[in-house]
Amino acid sequence: MKLALLASLIGAAAAFAPASTGGARATTSLNAEKSEAIPFLPYPENLKGYIGDVGFDPLRISDYVPMDYLREAELKHGRICMMAWLGFVAVDLGARIYPLPTE
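Draft legend 1. Structural context of the overall build of the protein chain. Assigned secondary structure in the protein chain consists of two helices and zero strands. Per-residue burial over the protein chain gives 10% buried out of 103 residues. Counting only carbon and sulfur atoms, one obtains 66% of the accessible surface of the protein chain, whose full area is about 9,500 Å².

Below you can see the structure in the form of structure tokens.
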């Protein structure tokens, strides 16, 4: 029993040991630049040069819509969201617009 437990612990530890490459690496098309945010997807080329770029565009929307439009839309939706939150909190605290009926 102890031998089986020891063998399983050694096998589990060996799973995390670095693999030896043994020689030169082959270059393939799989060595393309990968996204920092989603490492299994290729890096979206249209995001280069923008502030906060970590390569997050999983649906590749930037391939079909200009990035300037996407940035403006994100700012607009963020501002609308902030105003909606403020309105929700104001009504929750009891703010009312008069002369609206209270029924």
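There's plenty left to go through after this.
Draft legend 2. Expanded view of the layout of surface pockets. The computed volume of the largest pocket comes to approximately 460 Å³. What lines the largest pocket is a set of 16 residues, and nearest its centre among them are Leu47, Phe56, Met67, Arg71 and Glu74. Taken together, the residues of the lining of the largest pocket break down into nine nonpolar, three polar and four charged.

Draft legend 3. Expanded view of the pattern of salt bridges. Counting across every chain of the model gives three salt bridges. Between Lys48 and Glu45 there is a salt bridge, with its nearest N and O atoms 3.7 Å apart. Among the residues examined, Lys48 registers a relative accessible area of 44% and is labelled partly exposed. By relative accessible area, Glu45 is classed as partly exposed at 48%. Its salt-bridge partner being Asp63, residue Arg60 comes within 3.1 Å of it at the nearest N-O pair. According to the relative accessible area criterion, Arg60 is partly exposed, its value standing at 27%.

Draft legend 4. Focus on the side chain of Ser35. Note that Ser35 resides in the loop between α1 (2-14) and α2 (67-92). Within the structure, Ser35 has its side chain in polar contact with the backbone nitrogen of Ile38 (distance 3.3 Å). Setting aside chain neighbours within four positions, we find Ser35 in contact with Leu41, Pro42, Tyr43, Val54, Gly55 and Phe56.

Draft legend 5. Region of the structure containing unusual backbone geometry. For Arg60, which is not a glycine, the phi torsion comes out positive at approximately 60 degrees. Within the fold, Arg60 resides in the loop between α1 and α2.

Draft legend 6. Spatial organisation of a nonpolar patch on the surface. Together, Leu3, Leu6 and Ile10 line one region of the surface with nonpolar side chains, adding up to about 340 Å² of accessible area. Position of Leu6 relative to the elements: it lies in helix α1. Judged by relative accessible area, Leu6 falls into the partly exposed class, the value being 47%.

How each quantity is defined
Residues numbered from 1 in each chain as written. Predicted model: local features only at pLDDT ≥ 70, side-chain atom pairs only at ≥ 80, totals over all residues. Heavy atoms only, no water. Helix = DSSP H or I, 4+ residues; strand = E, 2+ residues; numbered from the N terminus. Buried < 20%, exposed > 50% of the residue type's maximum accessible area, 1.4 Å probe, protein only. Areas by Shrake-Rupley, 256 points an atom, 1.4 Å probe, with all protein chains shown as cover. 1 Å grid on protein atoms, 1.4 Å probe; cavity = no way out; pocket = protein on both sides within 12 Å on 5 of 7 lines; lining within 4 Å. Points joined across faces, edges and corners; volume = space filled by probe spheres on them. Nonpolar A, V, L, I, M, F, W, Y, C, P; charged D, E, K, R; others polar. Salt bridge = Lys/Arg side-chain N within 4 Å of Asp/Glu carboxyl O. Polar contact = N/O pair within 3.5 Å; in protein donor to acceptor, adjacent residues only side chain to side chain. Contact = heavy atoms within 4.5 Å. Patch = residues over 30% accessible without salt bridge, like charges linked within 9 Å, V, L, I, M, F, W, Y side chains within 5 Å.

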